[in-house]
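Residue-level listing of the chains:
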Amino acid sequence: MTPRILSVALVAVAVVEVVLPGRDLYHAGWFNVGIAALGIVAIVSGRRAVTNRRTHGLATIATGAGAAVATIAVVANGLFAPDNRTVVGAPGQQVRLDDARGVLRFPLVQRQGSSEAVAFDGPMLRSFVFKNVDRTVVAVEARDPRGARLTVTQPNGAAFLSPVLLMQQRQTIAGMNLPFDSFAVPAAHRVVKAVLFTPQQAALLRGTEGLEVPAVLFAVDDENDRPLPNAIVLCVNGQTVAAGGLLLRATVLDYPAVEVIAIPPPAVVALSALLAAGGMLWELASRRAAAGRSAP
């Protein structure tokens, strides 16, 4: 391959990683070794072309610089940037991202159960993209037997006073791997575990036959995590059930998490494209000028 073709190919790879971020291929060792090898070949072949006076020297240097910049950007992103990760936050929580030098701000849940996208506060020129990904959470309410609302806390959760369970843990029940979480009701000296069933899973449970709605299984313990008698109950989405001296309600919601994806710095990729394109245009203009001078 000529230096120009190699340079275009390397710049194209860098552009693709910015436009289509997050592919596992980008972090594969063999892939990055191959890109580094192509970059070296492009630079060496360009140097030879200049030495043998087959191309315009400055134009070839610019094209080779574009290839070198693209190679460094791609390989640095593939070998040293963090892998894709999903950040889960509670409504209203702010999560700091040190590597992106910014903060993710998670929105509050609206009354209708909808929510805005997660916002990022940080530098505009960054090497990360943020993709909002909906995941299922459970908003819970607790009342005493007379119907008075009780405060819900999450001692082990991301936000202590949040009534929204993020359901990040999993356990197996009847062969089904299910998300679960827990919360406390301090005024009633109760700890409640909540297990989430999808509509398809819930339809298989006794008492919910034919209902295509999600459901939450509540298990109420005392404040020392000792199970209470007859304190396990299934709550169909939006209903209120009684268990362990509490009235409990679960509302299953979609709430965004954020996938954080590292990319080659867009400004660096743009620079590599400008250098490669400028070198090729310069070479083309030089050849046309030389052809014009040699014409009779």
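Provided above is the structure to which this section pertains.
Residues numbered from 1 in each chain as written. Predicted model: local features only at pLDDT ≥ 70, side-chain atom pairs only at ≥ 80, totals over all residues. Heavy atoms only, no water.

A. Structural view of the packing of aromatic side chains. Enumeration over the complete set of coordinates arrives at 4 aromatic pairs. Between Tyr26 and Phe31 the ring centres are 6.5 Å apart and the planes differ by 40°, which places this aromatic pair in the tilted class. Considering the side-chain rings of Phe183 and Phe218, the 6.4 Å spacing of their centres and the 85° angle between planes classify their relative orientation as edge-to-face. Taken together, the positions of Phe183 in strand 9 (residues 176-185) and Phe218 in strand 11 (residues 215-222) put the pair 35 residues apart, joining distant regions of the chain. Phe183 sits in the buried class, given a relative accessible area of 1%. Residue classification places Phe218 among the buried positions, given a relative accessible area of 0%. An aromatic cluster of at least three residues, connected via ring pairs, comprises Tyr26, Trp30 and Phe31. (Phe/Tyr/Trp six-rings, centres within 6.5 Å; stacked < 30°, edge-to-face > 60°. Helix = DSSP H or I, 4+ residues; strand = E, 2+ residues; numbered from the N terminus. Buried < 20%, exposed > 50% of the residue type's maximum accessible area, 1.4 Å probe, protein only.)

B. Main features of the sheet that holds strand 2 (residues 94-97). An order of 2-3-4 is seen for the 3 strands of this open sheet, with the pairing classed as antiparallel. Of all the strands in the sheet, the pair left with one neighbour each is strand 2 and strand 4 (119-121). Taken pair by pair, the neighbouring strands of this sheet meet at an average axis angle of 25°, ignoring direction. Examined bridge by bridge, strand 2 and strand 3 (residues 102-105) share 4 bridges and lie antiparallel to one another. Within strand 3, the position partnered with Val95 by the bridge is Leu104. (Pairing = 2+ DSSP bridges. Axes fitted to C-alpha atoms, helices over the stretch in contact; angles between N-to-C directions.)

C. Just the side chain of Gln154, in detail. Tracing the chain through its elements places Gln154 in the loop between strand 6 (149-150) and strand 7 (164-165). Using a relative accessible area of 4% as the deciding quantity, one classes Gln154 as buried. Those residues within four positions of Gln154 in sequence are excluded, and the remaining contacts are Ala159, Phe160, Ser162, Pro163, Val164, Leu165, Asp181, Ser182 and Phe183. (Contact = heavy atoms within 4.5 Å.)

D. A look at the pattern of salt bridges. One pass over the structure, following the stated rule, counts 8 salt bridges. Residues Asp99 and Arg85 are paired through a salt bridge, measuring 3.0 Å at the closest nitrogen-oxygen approach. Note that Asp99 is positioned in the loop between strand 2 and strand 3 and Arg85 in strand 1 (residues 85-87), a separation of 14 residues in sequence. The class for Asp99 is partly exposed, based on a relative accessible area of 38%. Given a relative accessible area of 25%, Arg85 falls into the partly exposed group. A salt bridge links Asp221 to Lys193; the nearest nitrogen and oxygen atoms lie 2.8 Å apart. Here the residue Asp221 occupies a position in strand 11, and Lys193 occupies one in strand 10 (residues 190-197), the gap between them amounting to 28 residues. (Salt bridge = Lys/Arg side-chain N within 4 Å of Asp/Glu carboxyl O.)

E. Region of the structure containing the layout of surface pockets. In this model, the largest pocket occupies a volume close to 290 Å³. Taken together, Ala139, Val140, Glu141, Ala142, Arg149, Leu150, Thr151, Val152, Leu161, Pro163, Thr251 and Leu253 make up the lining of the largest pocket. For the lining of the largest pocket, the element with the most residues is strand 5 (residues 128-143), which contributes 4 residues. Class assignment for the residues of the lining of the largest pocket results in 8 nonpolar, 2 polar and 2 charged. (1 Å grid on protein atoms, 1.4 Å probe; cavity = no way out; pocket = protein on both sides within 12 Å on 5 of 7 lines; lining within 4 Å. Points joined across faces, edges and corners; volume = space filled by probe spheres on them. Nonpolar A, V, L, I, M, F, W, Y, C, P; charged D, E, K, R; others polar.)

F. Molecular detail of the nonpolar core. If you look at the biggest cluster of nonpolar residues, it comprises 24 residues, and the most contacted ones within it are Val138, Phe183, Val192, Val216, Phe218 and Leu248. No other element matches the 4 residues that strand 14 (residues 246-262) contributes to this core. Beyond its immediate chain neighbours, meaning those up to four positions away, Phe183 contacts Val140, Val152, Thr153, Gln154, Leu165, Arg190, Val191, Val192, Phe218 and Leu248. The next biggest cluster of nonpolar side chains, apart from the first, holds 21 residues, and it includes Val118, Phe120, Phe128 and Leu166. (Core = buried A, V, L, I, M, F, W, Y, C linked by side-chain atoms within 4.5 Å.)

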